[in-house]
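Spelled out from the first residue to the last, the chains are:
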Amino acid sequence: MAETATKDMNVQVVEDKVTSPWKEALRTFLRSKSAVAGTVIVLFFILVALFAPIIAPEGINEQKLGDPSTHLVPPSSEFWFGTDEFGRDIFSRVVWGAQISLTVGFGAVVLSAVLGSFLGIIAGYYGRWVDTIISRFFDILLAFPSILLAIAIVSILGSSLQNALIAIAIVNVPNFGRLIRSKVLSVKEEEYITAAKAIGMKDSRILLRHILPNSFAPVIVQGTLAIATAIIEAAALSFLGLGAEPPQPEWGKMLADARIYLMNAPWTMIFPGLAIMLTVLGFNLMGDGLRDALDPKMKN
Amino acid sequence: MLHYIGRRFLQLIPVLLGMTFIVFLIIRAIPGDPAQMILGQQATKESVEALRENLGLNNPWYIQYFDYLKGLLTGDLGVSIRTNQPISTEIWPYLAATFELAFFAMFIAVVIGMNAGIISAWFQNTWFDYLAMVIALIGVSVPVFWLGLLEQWLFSINLGWFPTSGREEVRDPIMAITHFYLIDTLIQGRYDQFGTVVKHLILPGMALATIPMAIIARMTRSSMLEVMRSDYIRTARAKGQKMFIVVYKHALKNAIIPILTVIGLQTGLLLGGAILTETIFSWPGIGRYIYEAIGFRDYPVIQSGILVVAFLFVIINFIVDILYSFIDKRIKYN
């Protein structure tokens with residue numbers, strides 16, 4: 001039995017090499033113009049975030065308080081995006097803001113993917129009452145509108161960017177959990193898992209070596225799309241005053257501050273919003289492309 | 001059918017119970033003593049202790065939860081710390097305002113989104129198709145709160161077409177009967193007021209409608225494209241049937257199920273989006289009610305507000321689920 005199983009596995013490895021699903025996926029991904037466009041946008045913002053100290057002409061909070069002539073200046077060759085009520089250069093703040101939004105987006109998604117995968121694997125692999133408890137917990141969390149649940153969590157933890165990140169991560173846990181759980185349930189029935197069990201492999205090893213890698217593709221897809229929502233949710237929490245605190249140049253917070261200057265300084269509102277939209281658009285396009293390439297079944 | 005509805009309803013109960021428990025835990029986990037919060041910092045120790053006893057805060061947590069559930073079942077949502085009014089009566093005008101906004105937004109989203117999707121599928125790969133799909137793509141990525149600000153800046157500050165915020169003209173207040181102002185003004189025959197209500201609805205309605213509109217348009221397009229390739233459509237066209245009838249009558253009928261799924265899902269999600277839209281447009285809805293309660297640390301309102309919205313969300317999804325089985329007889333529930 002064990003021998004045939006190993007043989008089967010070998011056959012599969014050889015077949016994989018011939019077709020190479022990853023190469024095939026890459027080809028599908030690169031064929032899609034929108035996916036490539038999305039990737040370019042995402043890379044652009046990642047580079048902006050990484051090189052913010054070089055790109056931004058001014059520091060995060062450099063203000064010219066003493067000189068009222070630099071307050072609320074419209075976009076010009078000196079201040080590309082204009083200045084805000086404290087005379088801070090909005091272009092610099094938008095550039096610095098890329099660091100914050102991307103960190104919160106990635107951070108929240110990685111945290112929820114790890115937590116969700118852990119719970120999902122346990123639920124799917126052990127089944128029975130463990131599965132029932134975890135799945136019901138997911139159902140209940142999913143039953144809340146996500147921004148509402150995030151608001152409730154932040155109101156316990158206190159308003160800060162870090163707590164906003166944690167809240168968004170918790171809200172997204174069931175999405176990853178359910179995904180992994182269903183993947184585990186289908187992989188569990190595969191013959192090579194039966195084979196692994198038959199040769200006496202430990203549960204933890206089966207989970208880590210076989211089940212987890214096989215659930216990787218949908219997590220990547222879900223993760224990319226989740227970053228888009230996480231960035232919007234973080235900006236929304238900051239906009240409501242439940243995330244970033246002054247003087248952090250968080251895009252949502254900048255929008256909230258711009259509200260009172262809507263009438264005479266609309267540029268304070270236009271550029272941070274544009275930055276959020278473009279970043280989110282990039283991740284959405286890239287996620288759609290990845291989904292078509294890696295997991296066509298997930299469509300719809 | 002009835003069997004299915006019954007079973008689905010029974011499945012709802014543990015979810016709803018779980019939600020009450022989670023909201024209960026969240027509120028209990030908030031640092032600070034609610035009794036102290038209600039009475040303020042100057043309160044004496046004795047009066048705080050007396051209020052704790054009175055509110056049942058000295059009981060073990062499971063007794064507190066049980067009391068809380070008992071209250072909920074009898075329609076007691078607690079008393080607002082800020083206004084000292086029972087929340088169950090105070091909440092209705094806010095809920096009605098949110099419903100009115102959400103229905104209006106959904107109406108815009110369905111009418112524009114579905115037609116954009118249908119026409120895109122009909123004229124696939126033309127400039128209209130590309131334009132509509134690019135707009136739809138941007139639509140799913142645009143933050144609602146930014147869109148709201150842009151609308152205010154363009155349509156009310158610059159062009160002066162619509163009011164920036166609120167639900168009614170302050171100088172000409174509306175006599176509330178049902179608190180659905182569109183209905184109230186019609187009942188009273190105040191058509192001028194009806195007009196101002198619509199004017200107030202348009203900007204927040206458009207902001208709230210954008211995301212569902214974009215998603216509905218994309219879903220309609222892909223669903224229609226799939227159906228348009230089928231044999232019976234070719235037959236209908238070969239018979240010389242007018243294209244308009246082929247698209248809107250024959251094709252749409254079979255493409256509608258996935259579109260309805262999306263509409264259902266989005267209706268629930270609108271409630272979440274409403275919080276942000278209401279904040280921007282000072283719309284006196286449930287989202288704003290909760291948001292202001294957070295500022296005042298009015299915990300009973302936060303608790304009940306979140307619970308009411310979450311319950312509505314679950315119930316809307318339940319209704320949508322049931323509706324499918326009526327619309328598509330092919331769906332068999334086991």
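Predicted, not measured: the structure shown is a model, and the values here were computed from it.

**Overview of the interface of chain B and chain A**
Stage number 1. At the junction of the two partners, chain B supplies 38 residues and chain A supplies 38 residues.
Stage number 2. Between chain B and chain A the total buried area reaches about 3,600 Å² when both faces are included, carbon and sulfur atoms providing 83% of it.
Stage number 3. When the buried area of chain B at its contact with chain A is split by residue, Phe145, Trp146 and Leu149 of chain B rank highest and sum to 18% of it.
Stage number 4. Linking chain B to chain A there are one salt bridge.
Stage number 5. Put simply, aspartate 288 of chain A and arginine 218 of chain B hold a salt bridge, and the shortest N to O gap is 3.1 Å.
Stage number 6. At the junction of chain B and chain A, the tally comes to six residue pairs in polar contact (both at pLDDT 80 or more).
Stage number 7. Of all the secondary structure elements, the ones that give two or more residues to the side of chain B that touches chain A are helix 1 (2-29), helix 6 (127-141), helix 7 (144-158), helix 9 (191-228), helix 11 (243-280), helix 12 (286-295) and helix 13 (299-327) of chain B.
Stage number 8. Per-element accounting of the side of chain B that touches chain A gives the leading share, eight residues, to helix 1 of chain B.
Stage number 9. Of the residues that constitute the side of chain B that touches chain A, the class distribution is 32 nonpolar, five polar and one charged.

**Some thoughts on the UniProt feature "domain: ABC transmembrane type-1" (unreviewed entry) in chain A**
Stage number 1. Those places that UniProt annotates as "domain: ABC transmembrane type-1" (unreviewed entry) correspond, in this numbering, to residues 98-287 of chain A.
Stage number 2. Annotated as residues 98-287 of chain A, this span is 83% helix and 0% strand, and its ends, taken at the C-alpha atoms, are 19 Å apart.

**What to know about a nonpolar patch on the surface**
Residues and elements named next belong to chain A.
Stage number 1. On the surface, a nonpolar cluster with roughly 510 Å² of combined accessible area is contributed by Leu47, Leu50, Phe51, Ile54 and Ile55.
Stage number 2. For the nonpolar patch, the elements supplying multiple residues, two or more each, are helix 3 (33-50) and helix 4 (52-55).
Stage number 3. Tracing the sequence through the fold places leucine 47 in helix 3.

**Let's talk about the side chain of glutamine 303 of chain B**
All names here are of chain B.
Stage number 1. Within the element layout of this structure, glutamine 303 appears in helix 13.
Stage number 2. For glutamine 303, a relative accessible area of 7% gives the class buried.
Stage number 3. Among residues more than four places away in sequence, those in contact with glutamine 303 are Val23, Ile27, Arg28 and Tyr68.

**Overview of the pattern of salt bridges**
It is possible for side chains bearing opposite charge to pair when their charged atoms get close.
Stage number 1. For the structure on display, the rule yields 15 salt bridges over all chains.
Stage number 2. Its salt-bridge partner being aspartate 139 of chain A, residue arginine 136 of chain A comes within 3.0 Å of it at the nearest N-O pair. With a gap of three residues between them, arginine 136 of chain A and aspartate 139 of chain A both fall in helix 6 (residues 128-143), about one helical turn apart.
Stage number 3. Relative accessible area serves as the criterion here: at 39%, arginine 136 of chain A is assigned to the partly exposed category.
Stage number 4. A salt bridge links arginine 190 of chain B to aspartate 192 of chain B; the nearest nitrogen and oxygen atoms lie 3.2 Å apart.
Stage number 5. For aspartate 192 of chain B, a relative accessible area of 48% translates into the label partly exposed.
Stage number 6. Three or more residues joined by partner-sharing salt bridges are found here, namely Asp288, Arg291 and Asp292 of chain A together with Arg218 of chain B.

Reading the values: rules and limits
- Residues numbered from 1 in each chain as written.
- Chains lettered and ligands numbered in written order.
- Predicted model: local features only at pLDDT ≥ 70, side-chain atom pairs only at ≥ 80, totals over all residues.
- Heavy atoms only, no water.
- Contact = heavy atoms within 4.5 Å.
- Buried area = accessible area lost by both parts, 1.4 Å probe.
- Salt bridge = Lys/Arg side-chain N within 4 Å of Asp/Glu carboxyl O.
- Polar contact = N/O pair within 3.5 Å; in protein donor to acceptor, adjacent residues only side chain to side chain.
- Helix = DSSP H or I, 4+ residues; strand = E, 2+ residues; numbered from the N terminus.
- Nonpolar A, V, L, I, M, F, W, Y, C, P; charged D, E, K, R; others polar.
- UniProt positions renumbered as here; feature names shortened; annotations may be inferred.
- Patch = residues over 30% accessible without salt bridge, like charges linked within 9 Å, V, L, I, M, F, W, Y side chains within 5 Å.
- Areas by Shrake-Rupley, 256 points an atom, 1.4 Å probe, with all protein chains shown as cover.
- Buried < 20%, exposed > 50% of the residue type's maximum accessible area, 1.4 Å probe, protein only.

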